[in-house]
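Structural description and commentary
Here is how the chains run, residue by residue.
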Amino acid sequence: MSRPPRTTTAPRLRRWGALVLAVSLPLGVAGCRDHEDGPTANEIAVPPNQESPQLALGDDVELPSWGYSATCDQPRPVADSAGLVEPDPLAGDRGVQFYAPAVEDVLCNLSGVQSASAAGQYDEVDGIRTGAMDIGVVMDSETSEENMRAVRQAAITAATEQGLPAQGLVVDGITIILTDGSSVKGSAEGLTAGGAETLTVEGIHVLDQLRQTDSGSRWSVEVGEEFTLSTYLDADVTAAGFPDDVAAAMAESTKIQATTEPVVRQDRVVVTDDGLTLTYAPGQQDDLSDEVLEDLAELSRTDDVKEVSASITTDKQGRPVLKVRTRSATPAKVPDTDARVGDLETSLGELGLQLDHKVLGAPAPLDS
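Residues numbered from 1 in each chain as written. Predicted model: local features only at pLDDT ≥ 70, side-chain atom pairs only at ≥ 80, totals over all residues. Heavy atoms only, no water.

1. Some words on unusual backbone geometry
Across the chain, the bulk of peptide bonds are trans and the bulk of non-glycine residues have phi less than zero. Quick note on the threshold: Helix numbering and strand numbering both begin at the N terminus, where a helix is a DSSP run of H or I of at least 4 residues and a strand a DSSP run of E of at least 2. The buried label applies to any residue whose accessible area, calculated with a 1.4 Å probe on protein chains only, is under 20% of its type's maximum; exposed applies above 50%, and partly exposed to all values in between.
The phi torsion at Asp 214 lies on the positive side, around 55 degrees, for a residue other than glycine. Positionally, Asp 214 belongs in the loop between α5 (199–213) and β6 (218–223). Its relative accessible area of 64% is what places Asp 214 among the exposed residues. Its identity is not glycine, yet Asp 274 carries a phi of approximately 55 degrees, on the positive side.

2. Some details on the environment of Asp 290
By secondary structure assignment, the location of Asp 290 is in helix α7 (residues 290–300). As a C-alpha pair, Asp 290 and Ser 347 span 57 residues in sequence and 9.3 Å in three-dimensional space.

3. Considerations on the sheet that holds strand β9 (residues 276–280)
Through backbone hydrogen bonds, the strands of a sheet pair up, either in parallel or in antiparallel fashion. Note the following rule: Two strands are said to pair when DSSP picks up at least two bridges between them. Here an axis means a line fitted to C-alpha atoms, over the contact stretch when the element is a helix, while the angle between two N-to-C directions is reported on a 0 to 180 degree scale.
What the twelve strands build is an open sheet, ordered β1-β2-β3-β4-β5-β6-β7-β8-β9-β10-β11-β12; its pairing is mixed. Each end of this open sheet is capped by a strand with a single partner; those strands are β1 (96–99) and β12 (354–360). Each neighbouring strand pair of the sheet contributes to a mean axis angle of 15 degrees, computed without reference to strand direction. Bridge count for strand β3 (residues 128–139) against strand β4 (residues 169–178) is eight bridges, and the pairing is parallel. Residue pairing in the sheet places Gly 136 in a bridge with Thr 175 of β4.

4. Thoughts on a negative patch on the surface
Note the cut-off: Patches in this entry comprise residues that are over 30% relatively accessible and not in a salt bridge; like charges within 9 Å are linked, as are nonpolar side chains (Val, Leu, Ile, Met, Phe, Trp, Tyr) within 5 Å. Accessible areas in this description were obtained via Shrake-Rupley with a 1.4 Å probe; residue shielding takes into account the shown protein chains only. Here a salt bridge means any side-chain nitrogen of Lys or Arg lying within 4 Å of a carboxyl oxygen belonging to Asp or Glu. We count Lys and Arg on the positive side and Asp and Glu on the negative side, and we leave His and both chain ends out. Here the site of a charge means atom NZ of a Lys, CZ of an Arg, CG of an Asp or CD of a Glu.
Together, Asp 59, Asp 60, Glu 62 and Asp 234 line one region of the surface with negative charge. Along the chain, Glu 62 falls in the loop between α1 (14–28) and α2 (65–69). Look at Glu 62 and you get exposed, because its relative accessible area is 75%.

5. Quick word on the environment of Leu 178
Threshold: By definition, residues are in contact when any of their heavy atoms lie within 4.5 Å.
Structurally, Leu 178 is set in strand β4. Of the residues examined, Leu 178 reaches a relative accessible area of 0% and is grouped as buried. Measuring from C-alpha to C-alpha, the distance between Leu 178 and Gly 112 comes to 9.5 Å, with 66 residues separating the pair along the chain. Apart from the residues within four sequence positions on either side, Leu 178 is in contact with Met 139, Asp 140, Ser 141, Thr 143, Met 148 and Arg 211.

6. Focus on the layout of surface pockets
Here is the rule: Points on a 1 Å grid over protein atoms alone make up a cavity when a 1.4 Å probe fits among them but cannot get out, and a pocket when they form an open set with protein on both sides within 12 Å along at least five of seven lines; lining residues each have an atom within 4 Å of a point. Grid points are joined across faces, edges and corners, and a volume is the space filled by probe spheres set on the points. Only Asp, Glu, Lys and Arg are considered charged, only Ala, Val, Leu, Ile, Met, Phe, Trp, Tyr, Cys and Pro nonpolar, and every remaining residue, Gly among them, polar.
Put simply, the largest pocket is a space of about 1,100 Å³. Residue lining of the largest pocket: 32 residues in total, with Asp 60, Glu 62, Arg 218, Tyr 232 and Thr 272 positioned closest to the centre. Here the element with the most residues in the lining of the largest pocket is strand β10 (residues 305–314); it accounts for four residues. Grouping the amino acids of the lining of the largest pocket by side-chain chemistry returns eight nonpolar, ten polar and 14 charged.

Below is the structure:
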């Protein structure tokens, strides 16, 4: 499965971190690197797209850090002779992080693009670099299928014009996130083993079809070893008719046909009810009773619980299991969930379901 840009945790600091390093080089590490190779405060480029609007995100939309740190109204520092900016000039030869501002400039000038990240890492052995760069863009939620398709070709062309493939740096994965929280992820190669296009035709086309169903608050498509379509609903899981809402959303997803059907396809409906998240596969909308749904909702409202996620899966013997993960609101305290979990286990037993429950983000209990 295609992975998201591998630098999603670090780039929030990369813009200003790179600038701080540039200003401080003469004071601290000027002897380690020629200051003229890096950007200076006077060399910062004009923002590539000053008309780009501020990110106007839908409710509860969470972007990876690069979505904010690489907005198109931010200045891009001047790259080195290789077309790169390396935030850490002392990184050595292994796992060197970089981003390519010229590639980001090109992406920012595409219609609908509000944020663009071209970032990755490389190893250098005997003067030869080997590495990959992931592309991430945030686009307006009303952007067209054609505009989304333009991202891959623009990224490939810009990287080639910068000579990055000749340096051993290839464009790897592409993530397109819309401001309503919808997304599509896939390989920049864009082809399956059989030669059928995936990201530019299958993934983006299917996402566009999902958006037209109006069956959820947002949607996502992941193209890789598996083809995963997800519809996200905001709903009260204890309300009358809730299973029907899940079934309707699932029906809209499963009726969408890809141009070339993948070997492995997964359709999911992901329901959010405040701190509770339920993930359904086809045909599972009636597998949880009202009592189980109420118990899960109560568990999510327990003191010191941040969120609860649940999905129906199977154990090694093929028996149905409700997998529940409770995340603690504070790392220093284990929430008291015993009573709620006991009620849940009883309700599941009436359905012949096993419970797999774990608490995350809290200290492990001490052995006696």
